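Observations on the three-dimensional arrangement
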Amino acid sequence: MSWQALALSVKLAAVVSAVLCMIGLPIAYWIAYSRWRWKFLVESVVALPLVLPPTVLGFYLLVAMGPRSPLGRLWLRAFGHTLSFTFEGLVVASLIYSLPFTVQPFAAAFRSVDQQLVQASATLGVSRLRTFVRVIVPLSYAGIITGLVLSFAHTLGEFGVVLMVGGNIPGVTRTVSIDIYDQVQSLNYVAANQTALLLLAVSFLTLSVVYAVNRKVWAL
Amino acid sequence: MKTWRIGALLWLISILAWSAPGEITVAAASDLTFALTEIAHRFEQKTGNHVKLAFGSSGNFFAQIQNGASFDVFFSADVEYPRKLTVGGLAAAPTLWVYGTGRIVLWAPAGSSLDLKKMGMRALLDPSVQEIAIANPAHAPYGRAAVAALQSSRLYEQVRDKLVLGENISQAAQFVESGNAQLGILALSLALAPTLKDKGTYWEIPTDSYPPIEQAAVIPTAAPNQALARAFLDYVRTPEAQAILRQYGFQPPPGKR
């Protein structure tokens, strides 16, 4: 079993869900409460990674990170290295790939908060930000945990995009799903099976946590 | 009621008419994409039969055949996978045939400042080279050859941190072609392919620096159309088809030059 690949995947998933929490909260807040007419366009863009095949995303990312695209050139000039084949590159790719898994549960939770409480908070002269932190977020904890756990689990199991932009470097971009694929390709079915089984157990556990939280199994 | 019967009859006839000429499904390693497409096309024109081509990683096809995929012919990028199939009784040993030997090249995208013809393998040490794309040596024959060539020219230790691994040789090509890697060790067949021919320069790595990449084909026992599968393999043996293979950088099988 490849612990290095597993550790890398956990690290990637942790970084990605932490960053997604920060950018997901404001996006979800905006999606939940904005009355802008063209909001549906933003919602569609956020949901795109749900329907796009990872190959499409991976292909565009590979081209965008390459030295021939304006973005890739900018990054190359700033850091002396392209974003492809690096851990940072995987983080950027996974942020895009897992965005809907964070934003959609967040937004759904915000929407279901009793608006009278929000209005009461406003009439008491509390700022919007404070209302968000003190009223909306605590009442949405189940949705927020769901979003975080889902993006963590989704990044953990990510395969196609990593395959397309990672370059399979041990300890840098060889994640656990890539490692399993390599083992299968090399006909090491026993090793593949061990790692796959572990990933299956971890995935089942994370999903159980999500559903337990939603069912309020533990009073919080 | 009558129209229903006539309709059913017409439907049946159309199906029979459609499938009247034979059809085979061929699984082939991705380095054969262009050569085999052309060969299959000629075969179709000559015989009126239909050849469905599936290109991908030899290891994937091997696993699929092991699990009951019904391919009529399997063109691997090595000899090991077909041999393993015959050992496991999943392919008929007499049908195993080494159809050619692949070669590897150093490939740089157009616009690269590296003069491969002049520098040869030393281009790999140029400071402008940060990433070198090869196929994954753990399971891709071309990746193994690339590593062997690096080792025999005593460069492996110096460049090993720069290696990025493509899932197969086509993906390694994608990494260099898009400019994400500055150099790649690719199959000659890809460097000569229409999609890459004008997009970069290549230098052929001397064949004595890596073990020959012998590639074999085999007919799985579960092939639905054995007769046509054999006919197709026979066609690949003809000088006409062999010329196409050679044109795409495959050396003729050893002993049959």
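Throughout what follows, the structure given in this document is the object of discussion.

Definitions and cut-offs
Residues numbered from 1 in each chain as written. Chains lettered and ligands numbered in written order. Predicted model: local features only at pLDDT ≥ 70, side-chain atom pairs only at ≥ 80, totals over all residues. Helix = DSSP H or I, 4+ residues; strand = E, 2+ residues; numbered from the N terminus. Buried ≥ 20, exposed ≤ 12 C-beta atoms within 10 Å, placed from the backbone. Contact = placed C-beta atoms within 7 Å. Arc of directions from axis to C-beta. Pairing = 2+ DSSP bridges. Axes fitted to C-alpha atoms, helices over the stretch in contact; angles between N-to-C directions. Nonpolar A, V, L, I, M, F, W, Y, C, P; charged D, E, K, R; others polar. Parallel < 35°, antiparallel > 145°, perpendicular 65-115°, else oblique. Left-handed = near helix turned anticlockwise from the far one by under 90°.

**Focus: the overall build of chain B**
When helices and strands are tallied, chain B shows 12 helices and 10 strands. Each of the three principal axes of chain B carries a C-alpha extent, and together these read 80 × 40 × 35 Å. Among the 257 residues that make up chain B, the fraction classed as buried is 45%. Expressed as a percentage of contacts within chain B between residues at least 6 apart in sequence, the contacts between residues at least 24 apart total 76%.

**Notes on helix α4 (residues 80-87) of chain B**
All names here are of chain B. When α4 is considered as a whole, its buried residues turn out to be Y81, P82 and L85. In a view along the axis of α4, the buried residues occupy a sector of 100°, so they form one face of it. The elements touched by buried residues of α4 are α3 (58-66), β3 (73-75) and β10 (213-218). Among the residues trailing α4, G89 stands out with phi positive, at a value near 75°.

**Details of the sheet that holds strand β8 (residues 183-187) of chain B**
Pairing between the strands of a sheet is mediated by backbone hydrogen bonds and can be parallel or antiparallel. Residue and element names in this part refer to chain B. Ordered in space as β7-β6-β8-β5-β9, the five strands form an open sheet in which the pairing is mixed. Lying at the two open borders of the sheet, with one neighbouring strand each, are β7 (163-166) and β9 (200-204). With direction set aside, neighbouring strand axes in the sheet form an average angle of 30°. Judged from the two bridges that link them, strand β6 (residues 132-135) and β8 form a sheet pairing that is parallel.

**Remarks on the interface of chain A and chain B**
Tallying the contact residues gives 18 residues for chain A and 15 residues for chain B. Elements with a minimum of two residues in the side of chain A that touches chain B: α3 (54-65) and α10 (176-185) of chain A. Across the side of chain A that touches chain B, the residue classes tally to eight nonpolar, eight polar and two charged.

**Section: the environment of V26 of chain B**
With respect to the element layout, V26 of chain B can be found in strand β1 (residues 23-29). If we ignore the near neighbours within four places in the chain, the residues touching V26 of chain B are A40, V51, K52, L53, A54, F71, D72, V73 and F75 of chain B.

**Quick notes on the packing of helix α1 (residues 3-33) of chain A against helix α5 (residues 87-111) of chain A**
Residue and element names in this part refer to chain A. Packing of α1 against α5 leaves a shortest axis separation of 7 Å and a crossing angle of 45°. One element, α1, and the other, α5, form an angle in the oblique class. Where α1 crosses over α5, the two elements pack in a sense that is right-handed. Residue classes in the contact of α1 with α5 are distributed as 20 nonpolar, four polar and one charged.

**Some thoughts on the pairing of β10 of chain B**
Residues and elements named next belong to chain B. The element β10 is extensively covered by neighbouring structure, given that five of its six residues are classed as buried. When strand β4 (residues 97-102) meets β10, the two strands line up antiparallel, connected through five bridges. What sits directly across from G102, in β10, is I213.

**Considering the pairing of β7 of chain B**
Residue and element names in this part refer to chain B. Alternating residues of β7 divide into L163 and L165 and V164 and G166, and every residue in both groups is buried. Note that β6 and β7 share four bridges and pair parallel. Across the sheet, the residue bridging to I134 is L165, located in β7.

**As for unusual backbone geometry**
Positioned with a positive phi, F85 of chain A is a non-glycine residue whose angle comes to about 65°. Look at R154 of chain B: it is not a glycine, yet its phi comes out positive at around 55°. Following the sequence through the fold, R154 of chain B ends up in the loop between α6 (141-152) and α7 (156-159).

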